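So you can see what is in the structure, the chains are spelled out below.
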Amino acid sequence: MRNDCIKSFVLAVAGLLLVSGSLWAHHGEGNSYDTAHMWTTWATVEEFDYINPHPAMKFSRSDKSGNVEHWVAEVDNNPSRLARVGWTKSRSMAALQPGTRVKLTVATAKVGGYLAYVRLIQNEKGEFICSEREEALPAVDLDGVAGGYQPDKPEESPKAGQ
């Protein structure tokens with residue numbers, strides 16, 4: 001009987017350790033996106049999805065030559081945090097309908113390309129939407145700059161024997 005109690009306790013503790021370990025496995029935006037080089041741009045919402053673990057959006061922006069870029073982004077904050085500050089799914093979806101013009105504060109994916117992490121969204125009135133933040137973040141204005149901020153590509157290593 002006592003061995004069964006000890007075995008049950010050990011299994012329960014092992015189970016808790018396994019579950020708690022997976023909770024710490026969240027990716028974190030700093031691992032995938034260059035958050036040291038935040039930048040802003042005006043964009044048009046193409047699609048917004050209020051999903052876990054983070055909302056997602058597609059947006060387009062134009063460079064100074066009029067070329068249109070289509071971006072895919074993960075949005076800061078998860079739906080439960082957004083709902084706690086009043087940004088429910090219905091309110092967020094209404095504020096970010098396709099065609100809505102917004103100012104975004106973003107970090108480009110470290111691999112480059114048109115992948116980003118959206119930290120802040122502002123409407124044309126300057127109000128922060130779909131966010132728990134109430135003030136701007138330090139960022140460089142790259143509206144109209146082709147590609148926004150793109151991380152430097154690593155230099156190729158010299159070939160062996162040269």
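Read on for a plain summary of the structure.

Thresholds, definitions, all that
- Residues numbered from 1 in each chain as written.
- Predicted model: local features only at pLDDT ≥ 70, side-chain atom pairs only at ≥ 80, totals over all residues.
- Heavy atoms only, no water.
- Helix = DSSP H or I, 4+ residues; strand = E, 2+ residues; numbered from the N terminus.
- Buried < 20%, exposed > 50% of the residue type's maximum accessible area, 1.4 Å probe, protein only.
- Areas by Shrake-Rupley, 256 points an atom, 1.4 Å probe, with all protein chains shown as cover.
- Core = buried A, V, L, I, M, F, W, Y, C linked by side-chain atoms within 4.5 Å.
- Contact = heavy atoms within 4.5 Å.
- Pairing = 2+ DSSP bridges.
- Phe/Tyr/Trp six-rings, centres within 6.5 Å; stacked < 30°, edge-to-face > 60°.
- Lys NZ or Arg CZ within 6 Å of the ring centre and 35° of its normal.

So, on to the overall build of the protein chain. Within the protein chain, the secondary structure is distributed over 4 helices and 6 strands. Counting from the amino terminus, the protein chain carries its helices and strands in the arrangement α-α-β-β-β-α-α-β-β-β. For the protein chain, the residues scored as buried account for 33% of the 162 residues in total. Counting every atom, the protein chain has about 10400 Å² of accessible surface; 55% of that belongs to carbon and sulfur.

Below, the discussion takes up the nonpolar core. Within the largest apolar cluster, 22 residues are counted, with the highest numbers of intra-cluster contacts made by Phe48, Met57, Phe59, Leu96, Leu104, Val118 and Ile121. Elements with a contribution of two residues or more to this core: β1 (39–49), β2 (56–62), β3 (68–75), β4 (101–108) and β5 (115–122). Setting aside chain neighbours within four positions, we find valine 118 in contact with Met57, Phe59, Ala73, Glu74, Val75, Asp76, Leu104, Thr105 and Val106. Tyr33, Met38, Ala109 and Tyr117 belong to the second-largest nonpolar core, a separate cluster that totals 5 residues.

Another point: the pairing of β3. Alignment of β2 against β3, held across 7 bridges, turns out to be antiparallel. Note that in β3 the partner of arginine 61 across the bridge is glutamate 69. Between β2 and β3, which pair antiparallel one after the other, the connecting turn spans 5 residues, and glycine 66 there sits at a positive phi close to 90°.

Bringing the packing of aromatic side chains into the picture now. Scanning all chains against the criterion turns up 4 aromatic pairs. Geometrically, the ring pair formed by tryptophan 71 and tyrosine 114 is tilted, given 5.0 Å between the ring centres and 40° between the ring planes. Of this pair, tryptophan 71 sits in strand β3 while tyrosine 114 sits in the loop between β4 and β5, and the two are 43 residues apart along the sequence. Among the residues examined, tryptophan 71 registers a relative accessible area of 1% and is labelled buried. The class for tyrosine 114 is partly exposed, based on a relative accessible area of 38%. Grouped by ring-pair contacts, the aromatic residues Trp39, Phe59, Trp71 and Tyr114 constitute a single cluster. The ring of tryptophan 87 is capped by arginine 91, whose NZ or CZ atom sits 3.6 Å from the centre of that ring.

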